[in-house]
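Each chain is listed here by its residues.
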Amino acid sequence: MAIEYSTERKISAEQFIDVLVRSTLAERRPVHDLETVRAMLEHANLLVTAWEGPKLVGVSRSVTDFAYCCYLSDMAVDEDYQRHGIGRELMRLTQYALKETCTIILLAAPAAAEYYPKVGYHQHDSAWVIGAREDLL
């Protein structure tokens, strides 16, 4: 299996949705809302992709300032390609696109929660979230 990685190659919303479905991350993403998915890609400022020939097999999508923090918002690898180091390489290339002072932050999907400590991530005990349009108190 010859996997090619890129930080330059753009992807369409349809390609992104397809790899999200093949990775099972679609269960937690708005894949039935094409405009939202397009906005997710348009406003991400760091995208690392993995390809086998013309087939997109993995994506690391982030929002970052490149110097202090990087929110790795989507890490998706086609289930047929998992356990071959593709996710680790996508994250390594994401990390190398950032300055040495930059911390990567992510929220793990429940199915992947045990994966991240195995590749070097540390659990943070004070992350907080508020849903879209939830009222602040």
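Use the structure listed above.
What counts and what doesn't
Residues numbered from 1 in each chain as written. Predicted model: local features only at pLDDT ≥ 70, side-chain atom pairs only at ≥ 80, totals over all residues. Heavy atoms only, no water. Helix = DSSP H or I, 4+ residues; strand = E, 2+ residues; numbered from the N terminus. Contact = heavy atoms within 4.5 Å. Areas by Shrake-Rupley, 256 points an atom, 1.4 Å probe, with all protein chains shown as cover. Lys, Arg positive; Asp, Glu negative; His and termini not counted. Charge placed at Lys NZ, Arg CZ, Asp CG, Glu CD. Pairing = 2+ DSSP bridges. Axes fitted to C-alpha atoms, helices over the stretch in contact; angles between N-to-C directions. Core = buried A, V, L, I, M, F, W, Y, C linked by side-chain atoms within 4.5 Å. Buried < 20%, exposed > 50% of the residue type's maximum accessible area, 1.4 Å probe, protein only. Phe/Tyr/Trp six-rings, centres within 6.5 Å; stacked < 30°, edge-to-face > 60°. Lys NZ or Arg CZ within 6 Å of the ring centre and 35° of its normal. Arc of directions from axis to C-beta.

Caption draft 1: Structural view of the overall build of the protein. The number of helices and strands found in the protein is four helices and five strands. Starting at the N terminus and walking to the C terminus, you meet the elements of the protein as β-α-α-β-β-β-α-β-α. With the principal axes as the frame, the protein shows a C-alpha extent of 50 × 35 × 25 Å. Restricting to contacts in the protein with at least 6 residues of sequence separation, those with at least 24 account for 62%. A total of about 9,200 Å² of accessible surface is found on the protein, and carbon and sulfur atoms cover 52% of it. Between the averaged position of the 14 positive side-chain charges in the protein and that of its 20 negative side-chain charges there is a distance of 3 Å.

Caption draft 2: Geometry of the sheet that holds strand β5 (residues 103–105). Ordered by their spatial adjacency, five strands build an open sheet running β1-β2-β3-β4-β5, and the pairing between neighbours is mixed. At either margin of the open sheet sits one strand with a lone partner, and together these are β1 (4–6) and β5. Recorded for the sheet is a direction-independent mean angle of 25 degrees between the axes of neighbouring strands. Direction of pairing for strand β4 (residues 69–77) relative to β5: parallel, over a ladder of three bridges. Following the sheet pairing, Cys70 is matched in β5 by Ile104. Docked against the sheet, helix α1 (residues 13–23) engages β2 (46–52), β3 (55–64) and β4, running at close to 105 degrees with respect to β3.

Caption draft 3: Inspection of the nonpolar core at higher detail. Counting 18 residues, the largest nonpolar core has Ile11, Phe16, Leu20, Val37, Leu41, Leu56 and Val59 as its most contacted members. The element contributing the most residues to this core is α1, with five residues. With residues near it in sequence (within four places) discarded, Leu20 still touches Leu25, Ala26, Arg29, Val31 and Ala76. In this structure, Leu72, Met75, Leu98 and Leu106 belong to the second largest nonpolar core, which totals 17 residues.

Caption draft 4: Geometry of the packing of aromatic side chains. Enumeration according to the criterion identifies two aromatic pairs in this entry. For the pair Tyr115 and Tyr116, a centre-to-centre distance of 5.2 Å together with 75 degrees between the ring planes defines the contact as edge-to-face. Judged by its relative accessible area of 9%, Tyr116 is buried. Here Tyr116 and Tyr121 contribute two aromatic rings whose centre-to-centre distance is 5.4 Å and whose plane-to-plane angle is 75 degrees, an arrangement assigned as edge-to-face. Look at Tyr121 and you get partly exposed, because its relative accessible area is 21%. Pairwise contacts between aromatic rings join Tyr115, Tyr116 and Tyr121 into one cluster. A cation sits over an aromatic face here: Arg9 above Trp51, 3.5 Å from the ring centre.

Caption draft 5: Representation of helix α2 (residues 34–43) in the model. Here α2 has its buried residues at Val37, Met40 and Leu41. One side of α2 carries all its buried residues, which in axial view fall inside an arc of 90 degrees. Of the exposed residues in α2, the ones pointing more than 90 degrees away from its buried face are Glu35, Glu42 and His43. On its buried side, α2 packs onto α1, β2, β3 and β4.

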